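Spelled out, the chains give:
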Amino acid sequence: MSIKFRHIARALIVDNNHILIARMKGAHSFLPGGGVDLGESAHDALKRELAEELGVTSCEVTRFLGVVEFGIKEKEYHEINHLFEVRTNGLSATITPQSLEPHLEFYWIEPTLEKLKEHNVLPYLVQELIPQILREGKPMWASNMYTGYDSGISRE
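Worth saying up front: this structure is predicted, and the values here are computed from it rather than measured.

A.B. asks: Looking at this model, I keep getting lost on the overall build of the protein. Mind explaining?
C.D. replies: On a plain count of helices and strands, the protein comes out with three helices and eleven strands. When the helices and strands of the protein are placed in sequence order, the string is β-β-β-β-β-α-β-β-β-α-β-α-β-β. For 156 residues, the compact-globule estimate of 2.2 N^0.38 gives 15 Å, and the protein sits close to it at 15 Å. For the protein, the C-alpha atoms occupy an extent of roughly 40 × 35 × 30 Å along the three principal directions. In the protein, buried positions account for 46% of the 156 residues. Here the analysis covers contacts within the protein between residues at least 6 apart in sequence; of these, 59% occur between residues at least 24 apart. Approximately 8,600 Å² of the protein is accessible, and the part contributed by carbon and sulfur atoms is 49%.

Right under this line is the structure:
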């Protein structure tokens, strides 16, 4: 029995009350970013992924926003998503970013629970977490694997 584990760094890029979303063509949506390679920091992985996916050469990881732990026991899958606020002058909510990877597309949405659900932003726990982080400004944690909190969302 081999459990697939992924460590992922995700960017919350906010501009003009919109957030940037990535979509795997024909599939689901998620926050930009990707896998952290062995020996690489989450911070460095995030900058690398933004450069590979969007051509962003200058960005600032400004603060840690939280962690989303997500697992599917039946599929033997487990991921840890580290969320960071990222600022860059290279992206604007008035322009649809062009993807450098043919399997991805990018677009902007309002960061409301309704919009995040409508666009099926995964892992689904970020749908509730993002509006709370933006409203409260504090790092948060969410998990579908921990049963100690009814909501699975905790403020740190």
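Read on, since the account is not over.
A.B. asks: What exactly am I supposed to notice about the nonpolar core here?
C.D. replies: Generally speaking, soluble globular proteins have nonpolar side chains that are buried together. Formed by 21 residues in total, the largest nonpolar core has its most connected members in Ile 13, Leu 20, Leu 46, Leu 50, Leu 54, Val 86 and Leu 91. Going through the elements one at a time, β1 (4-12), β3 (18-24), α1 (42-54), β7 (77-87) and β8 (104-109) are the ones with two or more residues in this core. Leaving out residues up to four positions away in the same chain, Val 86 has contacts with Ala 11, Leu 12, Ile 13, Leu 46, Leu 50, Cys 59, Glu 60, Val 61 and Thr 62. With 18 residues, the next largest nonpolar core counts Tyr 107, Leu 125, Val 126 and Ile 133 among its residues.

A.B. asks: Whenever I open this one, the packing of aromatic side chains confuses me. Can you help?
C.D. replies: How two aromatic rings sit relative to each other is given by the distance of their centres and the angle of their planes. Under the definition given, this model contains two aromatic pairs. Taking the centre distance of 5.8 Å and the plane angle of 65 degrees together, the rings of Phe 64 and Phe 84 count as edge-to-face. Of the two residues, Phe 64 sits in strand β6 (residues 60-72) while Phe 84 sits in strand β7, which places them 20 residues apart along the sequence. Of the residues examined, Phe 64 reaches a relative accessible area of 37% and is grouped as partly exposed.

A.B. asks: What exactly am I supposed to notice about helix α3 (residues 126-136) here?
C.D. replies: Side chains of residues three or four places apart in an α-helix project in the same direction, reflecting 3.6 residues per turn. Taken as a whole, α3 has its buried residues at Val 126, Gln 127, Leu 129, Ile 130, Pro 131, Gln 132 and Ile 133. Phi turns positive one or two residues past the end of α3, at Gly 137, with a value near 70 degrees.

A.B. asks: How should I be thinking about the confidence of the model for the protein in this particular structure?
C.D. replies: Note that predicted coordinates carrying low pLDDT should not be read in detail. The predicted model of the protein has a mean per-residue pLDDT of 90, with 92% of residues at 70 or higher. Ranking the elements of the protein by mean pLDDT puts strand β11 (residues 153-155) last, at 49, and β8 first, at 98.

A.B. asks: What exactly am I supposed to notice about the pattern of salt bridges here?
C.D. replies: For side chains bearing opposite charge, pairing can occur when the charged atoms are close. Applying the stated rule across the entire model yields eight salt bridges. The salt bridge involving Arg 87 is made with Glu 85; its shortest N-O contact spans 3.7 Å. The exposure class of Glu 85 is buried, given its relative accessible area of 15%. Through salt bridges that share partners, Asp 37, Glu 40, Arg 48, Glu 49 and Glu 52 make up one connected network.

Definitions and cut-offs
Residues numbered from 1 in each chain as written. Predicted model: local features only at pLDDT ≥ 70, side-chain atom pairs only at ≥ 80, totals over all residues. Heavy atoms only, no water. Helix = DSSP H or I, 4+ residues; strand = E, 2+ residues; numbered from the N terminus. Rg over C-alpha atoms; globule rule 2.2 N^0.38 Å. Buried < 20%, exposed > 50% of the residue type's maximum accessible area, 1.4 Å probe, protein only. Contact = heavy atoms within 4.5 Å. Areas by Shrake-Rupley, 256 points an atom, 1.4 Å probe, with all protein chains shown as cover. Core = buried A, V, L, I, M, F, W, Y, C linked by side-chain atoms within 4.5 Å. Phe/Tyr/Trp six-rings, centres within 6.5 Å; stacked < 30°, edge-to-face > 60°. pLDDT = per-residue confidence, 0-100. Salt bridge = Lys/Arg side-chain N within 4 Å of Asp/Glu carboxyl O.

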